[in-house]
Amino acid sequence: MRNPAPVYHAWRESDPFFWYEELDTWVLTRHQDCAAVLKGLDRFTSDWRRLGEGTPDELIMLQTVDPPDHPPVRRLLAAAYRSRDHAALAARTAGRVRRLLADLPAEVDFVREVAVPLTVETICDVLGVDPPDLDWLAGVSPPVIDTMDAGLRPEVIPAGLAARAELDALMERWMSDHRPGGMFAVVSEKLRGMGLDRRLVMNSLRSTFHAGFESSARLLALSLLAIIDNPGALRFFAKTPDTAVDEVIRYTSQVQVLARGCLVDTELGGRTVRAGQGVTLIIGAANRDPAVFPDPDALLPDRSPNPHLGFGRGLHACLGASLAAMQTRALFAELAVHHPEVRPCGEPVMWESGTLRGVRSLPVTLS
Ligand code: HEM
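Overview of the structure. All values reported here derive from a predicted model rather than from experimental measurement.

A look at the overall build of the chain
Then, number 1: If you tally the helices and strands in the chain, you get 13 helices and twelve strands.
Then, number 2: What you see for the chain is a C-alpha radius of gyration of 20 Å, in line with the 21 Å of a compact globule of 367 residues.
Then, number 3: Along the first, second and third principal axes, the C-alpha set of the chain runs to 55 × 55 × 35 Å.
Then, number 4: Expressed as a percentage of its 367 residues, the buried residues of the chain come to 54%.
Then, number 5: Nonlocal contacts in the chain, meaning residues at least 24 apart in sequence, comprise 73% of its contacts between residues at least 6 apart.
Then, number 6: When the accessible surface of the chain is split by element, carbon and sulfur atoms take 54% of a total near 15600 Å².
Then, number 7: The chain carries 39 positive and 47 negative side-chain charges, and their two centres are separated by 5 Å.

Structure representation (structure tokens):
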């Protein structure tokens, strides 16, 4: 969990495209193969129903549907996301960062006191809703993440579905209880008369909210851990913030794994992938592929070009990539200027997840 790169390098070197019987899937670790699958819409699907697999209604959302269901919902959510004034949002986020850091004692759990409140408040700002209770959220979010590993641990599914039901109730409340100008205001207004599958839209809002804070908070905490291990990296967030953000996303790769199903027999990476088979893309490995990233295990905050796959590619590429990047710039620019000596004051504890890496607690001294 702390550093999966050595395992990924070993896989890529011994067999970069191997069949994993236990999960009935190909496992891909090369950047070129992972990118080809993500862009190969006519051959690979995110919708497992097309391969005859049952998917619970709760899991039918933007990430798990193909055209023709996907584009209209994506357009709706993208229009709602863009309708926010993003310059004003960035200014509010910078203010939020300053307030959060100013109010802290010298020693803190960076995850609990900074990463989670910052990302929850920011995504709620985008959605135009009041942030929910953080202790409640800390209970419902982990079971949702656990289900991303359901292939390895099927027993986690019931708790994951129950947690989604709790989040769904919150989404329903937000449909009628929101502020003007946020995503909920736009979606609830436009949804009427569009003829879209309401369940698909509501599940997609839930996953936007959930990814909005959980993936982003994990990015912030993993990035700080990487920066602590690489003194000198922090100042690049004041100097060249865009390349620095791209590099921490590549280096930390919160989303370690994406999965697709194969629709038609396909020659790829020297193998024949048969229709009906699964392909597991190890994004964390692709982002450390030496064929694409020279010195892949070094954190180089001015690395350019940086064609990482941290936000995916193609049809399902991350809707909130710019939001995650904006928060990362805001937080680390502030740390670079006002807390350049940030350092650990205890052992970090990692989340146990094969799909979404993260730090559960990260005790640090800020000044
Ligand atoms: C560090 C933060 C984040 C990372 C690493 C991340 C990563 C990803 C990745 C890899 C995908 C592609 C999934 C696939 O191809 O199957 C994705 C999709 C998505 N992300 Fe993010 N994400 C982050 C933050 C966010 C935020 C802040 C939001 C909300 C504003 C968000 C909303 C979404 C949505 C709705 C999709 C589905 C897009 C579609 O299927 O069309 N993500 N994300």
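That covers the picture; the talk isn't over yet.
A look at the coordination of the iron atom of the ligand
Then, number 1: Protein coordination of the iron atom of the ligand is limited to a single donor, Cys318 (SG), positioned at 2.3 Å.
Then, number 2: Relative to the elements of secondary structure, Cys318 occurs in the loop between helix H12 (283-286) and helix H13 (321-338).

Some words on the pairing of strand S8 (residues 278-282)
Then, number 1: With respect to burial, S8 is a largely interior element, five of its five residues being buried.
Then, number 2: Going residue by residue along S8, you find Gly278, Thr280 and Ile282 tucked away on one face and Val279 and Leu281 tucked away on the opposite face as well.
Then, number 3: Where strand S5 (residues 257-262) meets S8, five bridges bridge the pair, whose relative direction is antiparallel. By the bridge assignment for S8, Ala259 is matched with Thr280.

Reading guide: rules and limits
- Residues numbered from 1 in each chain as written.
- Predicted model: local features only at pLDDT ≥ 70, side-chain atom pairs only at ≥ 80, totals over all residues.
- Heavy atoms only, no water.
- Helix = DSSP H or I, 4+ residues; strand = E, 2+ residues; numbered from the N terminus.
- Rg over C-alpha atoms; globule rule 2.2 N^0.38 Å.
- Buried < 20%, exposed > 50% of the residue type's maximum accessible area, 1.4 Å probe, protein only.
- Contact = heavy atoms within 4.5 Å.
- Areas by Shrake-Rupley, 256 points an atom, 1.4 Å probe, with all protein chains shown as cover.
- Lys, Arg positive; Asp, Glu negative; His and termini not counted.
- Charge placed at Lys NZ, Arg CZ, Asp CG, Glu CD.
- Donors = N, O, S within 2.8 Å, 3.2 Å for Na, K, Ca; no water.
- Pairing = 2+ DSSP bridges.

Limitation: the analysis is restricted to geometry and does not speak to function.
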